[in-house]
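Coordinate analysis (summary)
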Amino acid sequence: MLSAVLGEPHRLLPASAPETQFSSERAQQVLTRLLGPERPHPVSSAENAAVRARLLQEFAALGIHAHTYQAFACDPGRGFERIVCATANDVIAEVLPGPGRSVVMMAHYDSVPAGPGAADNMSGVAAVLEAARALRASRIEPQHPVLALITDGEEAGMLGAYAFLQNPDSRARVGAVVNVDARGTAGPSLLFQTSPGDGPLVDLYVHSVPAPATSSLYAEIYRRLPNDTDLTPFLRAGFPCFNFAFIENVRYYHSPLDQRRRLSDSSLQMQGDNLLGVVSALVQTPYPQLRGEDAVYLSLFNRIVPRVRASAALALAVFAWLVIALAAWIERRGAARRATSDPSVGGGLRVDGGLRVGGAVGARVAARAEAGGALLRAALMPPALILGSALSGFVLAGIAEMLSGTRDPSYAYPLALRLALALGVWTIALVVARWTDARAAAASGWLWIAGLGVLSAALLPGLSPYFIFPALIAAIALLGGALAPGGWTGRLGRGALLLAAIASLVVWTGLLTAGESVMGLRLHLLFTVPAALGLLGVMPLLAATRGSGAVGERASGSSAGATAASAALAVTAAAAAGLLPPFSAASPQRLNLIYFQNRGAAQWVADTSFKGGPAARLPRSLLKAGRFQLARTTLQLPSSGPEYVADAGTGRFPLPTATVVLTPSAIVQLHGSENADAMMLFIPSSAGVRSVDLGGQHLSAPAGWQGDTWLLCVSHDCRDATITLTGARAASELEFAEVRYGLPPFGRPLADARPPSAMASQSGDELILEDSVRLQ
């Protein structure tokens, strides 16, 4: 409850708030004016130009000089496999003019072709405008000027950011960068990425905002995802950087449902508080002070951020492990003394039906045998809990997927699977709690947590605070409990175990709730493994309920009944998750319709690859209207594989053309129609191309490159693009295509057959006309 409630933003400031503060109500008013009719506005579109004009008007109304910077740019960060280029039109505004390098407030104003982009990222643009107004109202005396950079072409490939940085004069103006973006419509504004050496940046952030929400783990995860924002080029250029985003309600991301009415006011407020707070601090901070050592950190309930230098994490983890080991040794010695002084211990051990062995010897032999077995059970308890919980997730999700027939049965209604996973983990916890007693469970569990802290500090430092900080609290608590009367089984000792358990639950439950926001429950390991790690600290309390003697037998029977009931409820909830509809009008299936035509014929393609491959089922209404079948389409797409295709009859459109001039290189000129929104060129590995030149951009293949190359040019001027291919082999055949956003008029019956529980997303519905040319 604490993680769910306190982890969400709640602060709101009305339009009547002081002028020097960020107000979400004022920002919403700006957003309403910027969005206008709330239409998609991808790079180079007419609606993109209309949004840009309204943006310039907003800056002018604030008395801020702004201008448009136009340049052709390509995204070099994706390697030679996928090259995206376009003409971008950035808006640059002098918020607080002055000499020297600027603090840059950055957001992008373009959207994907499928949606109006209210949250992603016109909310960021509105936040920049409201923060700019508040900065000017504060009348501070800054050490650095402040620049607003509102980029174009981010959705296509950070093209506006690259265009800005490839201008030497613009690049020389940058001192530090704060970027705001969104991957949903709600949730806390997270500091999820910083530049290297981020210790001073995190300190500045924590001291400058009302509700810090961050973790060094976010950057570790984000670094491994195939995602980028406009901040990526600035990070590569070595500038001090902050990246903020809210990520809940990802079902609306890059879709027609990314509308202003779905944007959380409190998320916008937190985004603006972060932007204004950090920029206000940056303008008063000398740039050399922004560089230092990396830190490891996490936020608790968006209130406090414990943090240490990354270089100290390993030493702290080792220290925690040693103190816990010391506490366990003291507890064991104390328990042995208490057992020796207990007059009920003794009387011998009866073996072989009636032969009595001397009391002391028999007790010693029995104690050693029991100690060996207990030690083994205790050592295996933590990995059994973690691996068993992970396995339970696969089993329960598998049940739901089998019944649903989809890869993500919890997409529309996650509660049932969430309950199933929670009950599955709890079932495993009840089982392994019976393996050992409270004393052994505490020692083994916390030594494992501290040991994982040592391992993560050495190999994955961003993850280490989730182990180190609870382990440090547990180390102090367990040592104090072991020294108290009665040890860990005494009143003070039980309190120590409870304190350690709370520390574990607080840290790991926070990560569990954040993990579902990032990936949903499809990646259920982000749910089950953090839940198991959080319960490791609770295992001593569960083990302590077993009792002994007659009480122990009754407790054991009760525990077995609770375990069976928990397992049955978990399976029932998983089955319910599988029987619920996988999609709904509030959480629609992502399903794009494509009209594809080449020299041979025309096809309809139902593309569901946004969620990782074709769904098991298309909506019945669409199957009936188009007679789709699962097959491999002749359409060349970067995500090749089987799609749902249907015959579209004879082609109805003239195909684009291309001319080739062979010099030492091959010069290919594409010719699309006036309706072309983008052009594509597919260069097979057999062509042997070593570099591509387009619009003044030069992109070289890495040494030993033997893969295919996709070139996408996504602005209107690409309809007559001239491309130079160095190293191209004669007689190679290249495929090229013209892309238009939206379906042709005769595709309306198919679009109408798409039910409310499905929607276009990302690039949306498209018309693709493909042809080929031979280099000769």
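Look up a bit, the structure's there.
As a starting point, this report considers the structure included with it. The structure displayed is predicted, hence computed values, not measured ones.

Quick notes on the overall build of the protein
A tally of regular secondary structure across the protein gives 22 helices and 26 strands. For 776 residues, the compact-globule estimate of 2.2 N^0.38 gives 28 Å, and the protein sits close to it at 31 Å. Along the first, second and third principal axes, the C-alpha set of the protein runs to 100 × 65 × 55 Å. For the protein, the residues scored as buried account for 55% of the 776 residues in total. Long-range pairs, those at least 24 residues apart, make up 81% of the contacts in the protein between residues at least 6 apart in sequence. Only carbon and sulfur atoms are counted for the fraction: they give 60% of the accessible area of the protein, which is about 31,900 Å².

Remarks on the pairing of strand β20 (residues 691-694)
When β20 meets strand β21 (residues 697-700), the two strands line up antiparallel, connected through 4 bridges. What sits directly across from valine 692, in β21, is leucine 699. Hairpin connection between β20 and β21: a loop of 2 residues separates the two successive antiparallel strands, and glycine 695 in this loop has a positive phi of roughly 55°. Across 4 bridges, the pairing between β20 and strand β23 (residues 722-726) is antiparallel. The residue bridging leucine 694 from the neighbouring strand is isoleucine 723, located in β23.

Regarding the pairing of strand β7 (residues 241-246)
Taken across its 6 residues, β7 has 6 buried, putting it largely inside the fold. Of the two faces of β7, the one holding Cys241, Asn243 and Ala245 and the one holding Phe242, Phe244 and Phe246 are both buried throughout. Direction of pairing for strand β6 (residues 190-194) relative to β7: antiparallel, over a ladder of 4 bridges. Bridge pairing in β7 places leucine 191 opposite phenylalanine 244.

Description of the packing of aromatic side chains
Evaluated as defined, the whole model comprises 15 aromatic pairs. An angle of 0° between the planes, with centres 6.5 Å apart, marks the rings of phenylalanine 242 and phenylalanine 244 as stacked. Judged by its relative accessible area of 0%, phenylalanine 244 falls in the buried class. Centroid distance tyrosine 466 to tryptophan 508: 5.6 Å. Interplanar angle 45°. Geometry classified as tilted. Of this pair, tyrosine 466 sits in helix α16 (residues 465-483) while tryptophan 508 sits in helix α17 (residues 491-519); the two residues are 42 residues apart in sequence, bridging distant segments of the chain. We note that tyrosine 466, like tryptophan 508, is buried. An aromatic cluster is built from Tyr595, Trp604, Phe653 and Phe746, whose rings are joined through pairwise contacts. Seen from the ring of tyrosine 252, arginine 262 lies directly overhead, with NZ or CZ sitting 5.0 Å from the centre.

Conventions we followed
Residues numbered from 1 in each chain as written. Predicted model: local features only at pLDDT ≥ 70, side-chain atom pairs only at ≥ 80, totals over all residues. Heavy atoms only, no water. Helix = DSSP H or I, 4+ residues; strand = E, 2+ residues; numbered from the N terminus. Rg over C-alpha atoms; globule rule 2.2 N^0.38 Å. Buried < 20%, exposed > 50% of the residue type's maximum accessible area, 1.4 Å probe, protein only. Contact = heavy atoms within 4.5 Å. Areas by Shrake-Rupley, 256 points an atom, 1.4 Å probe, with all protein chains shown as cover. Pairing = 2+ DSSP bridges. Phe/Tyr/Trp six-rings, centres within 6.5 Å; stacked < 30°, edge-to-face > 60°. Lys NZ or Arg CZ within 6 Å of the ring centre and 35° of its normal.

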